[in-house]
Structure formats: structure tokens, C-alpha cells
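# Structural characterization, general
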Amino acid sequence: MRVAIELESVAKRFAGHAAVAGVSLSIGEGEFFSLLGPSGCGKTTTLRMIAGFVAPDEGRILLHGDDVTAVPPNKRPVNMVFQQYALFPHMTVYDNVAFGLKMAHVPRSGHRERVTEILRVVSLEGYERRRPRQLSGGQQQRVALARALVNRPAALLLDEPLGALDVKLRRHMQLELKRIQNELGTTFVYVTHDQEEALAMSDRLAVMNDGRVEQLGTPREIYEQPVSAFVADFVGTINTLAIDGGEVTVRPERIRILREGGRLDGVVADVVYLGVYRQFHVDTAAGRVVSVRLADEPLEHVEPGSQVSLSWD
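The following refers to the structure shown. These numbers come from a predicted model, not from an experiment.

Another aspect to go through is helix α1 (residues 43–51). Most of α1 is tucked away: 7 of the 9 residues are buried. When we look at burial in α1, the residues that qualify are K43, T45, T46, L47, M49, I50 and A51. One or two residues past the end of α1 sits G52, with phi positive at roughly 100°.

This part covers the packing of helix α4 (residues 137–149) against helix α5 (residues 167–184). Any two packed helices are characterised by how steeply their axes cross, that is the angle between the axes, and by the distance between the axes. Orientation of α4 relative to α5, taken along the N-to-C sense of each, is 25°, at an axis distance of 11 Å. In terms of axis orientation, α4 runs roughly parallel to α5. Between α4 and α5 lies a crossing whose hand is right-handed. Residues G137, G138, Q141, R142, L145 and L149 of α4 form the contact with α5, whose own contacting residues are L169, M173, E176, L177, I180 and L184. Per-class residue counts for the contact of α4 with α5 are 7 nonpolar, 3 polar and 2 charged.

Attention now moves to the side chain of T45. Among the secondary structure elements, T45 is positioned in helix α1. Here T45 falls in the buried class, since its relative accessible area comes to 16%. Excluding anything up to four places from it in sequence, T45 contacts K12, F14, A19 and V20.

Two strands in a sheet stick together by hydrogen bonds in their backbones, pointing the same way (parallel) or opposite ways (antiparallel). Overall, antiparallel pairing links the 4 strands, which are arranged β2-β1-β4-β5 in an open sheet. Because the sheet does not close on itself, it has two edges, and the strands there are β2 (17–28) and β5 (66–67). The pairing of strand β1 (residues 3–14) with β2 spans 8 bridges and is antiparallel. Bridge pairing links L7 to L25 in β2. This element, α1, spans β1, β2 and β4 (58–63) of the sheet and lies at about 120° to β1.

Procedures and definitions
Residues numbered from 1 in each chain as written. Predicted model: local features only at pLDDT ≥ 70, side-chain atom pairs only at ≥ 80, totals over all residues. Heavy atoms only, no water. Buried < 20%, exposed > 50% of the residue type's maximum accessible area, 1.4 Å probe, protein only. Helix = DSSP H or I, 4+ residues; strand = E, 2+ residues; numbered from the N terminus. Axes fitted to C-alpha atoms, helices over the stretch in contact; angles between N-to-C directions. Parallel < 35°, antiparallel > 145°, perpendicular 65-115°, else oblique. Left-handed = near helix turned anticlockwise from the far one by under 90°. Contact = heavy atoms within 4.5 Å. Nonpolar A, V, L, I, M, F, W, Y, C, P; charged D, E, K, R; others polar. Pairing = 2+ DSSP bridges.

This is the structure we're talking about:
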């Protein structure tokens, strides 16, 4: 796989604090790559260094093999989409999208074909003459995407772009973003603190903590083979059980609830109905254990106060 973006031991300090501490990454051409982590972990600073808005104190940034560490943002072949879409309210959808071409000095004769094509990709055909106030939040997001993509950047950098949307629209836009990225084949670098979002969309992701990359891998590798307690706890939910003088970590969906004969006995403290699945909280000698089971799984004998036995592989 050809490398689109490479970070070599990149570091950035603010007021003596290491916001990013020696991050090295290689992001492949056409890859949907996410930077995932809690607030203050360094993911947005890393993204802004790739964009050129922040200069690293140490290390190098390469785009398609070219060292762009000292290259200003407007000279880099990347575009950025923010949580606040920054659309021009007085301009139509067409003019908002064409603005990027105008700033890149693309001849006006080439605007219509390029704008029409990118509006088709983001499913906004027929919306050319509308203004931002006449659009929903999801439609405004797609206009911002179209404006960033119309110049055919080598990579698109996205800083929590779905944060302002409600949950249902956010999930719809996750699918839309992945569809758009697949159709165009553009390299996407996506910053989020939402674990479900990163797992759902990414080809690979880097989990960041305290300015460093804790783990790099595919969503399945990150979830099923976490390399540290931080990654295991941050990506998904985890049970940590004190058993036989050691600690055992088990995902809630791995824990089965039996009448008897399991590895750990306990009493059901609470049952939480969450639509597609139910969450069972069980008090045991090893601590509180959470088990997640599908809502239609036959567990009629399990209710608050029930004696149960827990099992896992």
C-alpha cells in the first residue's frame, strides 16, 4: 500500500506541556484512518500539524514522500473539515462549493462540471440554488464536505465533523462519509472521541493517550486485542475481575448467564433494557460484573434478585 501521509517522531509542546510526544504514523493511500482518544490526548493537535496550522517542535511530516514540515497550509495538497461548517450564509450551495475552485484559481469554465459531480457524490443534486439556512444539519455537513473535496485533495482531514448532529443523524452521516470516501478513494484522516464512530468507519485507527499512540491497528484488533488497560477500557466496556490472585478482563458480551455451573456465582442487582440488547449487572465475590445479551435471548429466569452463575471462554 502506497503511503499518503507519514509522521516521523512528531512532537509539539504548549507552555512546556507535551501535547504530542513523539508520534510516528504511516497512513496509506485511500485509507480511512481515525485518531481516537479522550479530550486533551493530542489527536486534534496531530491533525492540525498534518494540515499545517500548527508547526511541530520536533520531527517531520511527509505527504506522498515530500517533506512538508515547513510548508504553509495553503501550499499543502490537503483540505480540512471542522465541526463548525463555516458555510457562507449569503451564498448558494453551488457558490459555496465553487468557492474552493475559485480560491485554487481553477478557470470558471471548469467549475460547473466539477461542482455538479461532487454534489452528486454527496447526494445534493437539486440543491444548488438553496442557501445554508434552508438546509438541515446533515445537508450543511455534506456541503462542507463537497467544498473540501471539489479541489480533489490528496487527503481530507476531518476534526470531529459530526459532533453537532443528533444521534440518529450522526449515525446516518457515518454511513454517508464512508460511502463518499469509498467512491472517491480519497485518504480520510478523522479525529473523534467517539469509540463506536471510530470502530464503525475506520480501516485502521490510532488510539491516543497523553500525547502518545497507545495502539495502532484495525477496529477488530483494537477491540479484541487491546495492548493496555487504557485501550481496553476506552474502546468499549470492560469487566475487571479479581480471581485466583490475579485480574481477568472480560468484555460484557462474552459473559454468559447460567442458572448454575458457571465460573462465578452472583446475584442480579439490576437489569437495564436498551432496545436491541439488555444489560445485566451482577454482584459477585469478584466485584460487579456487567453482561450484555440480545434482548430476545431467553433469560426469563434472570431478574433483579436472581441467583445466577456466570461463564466465559
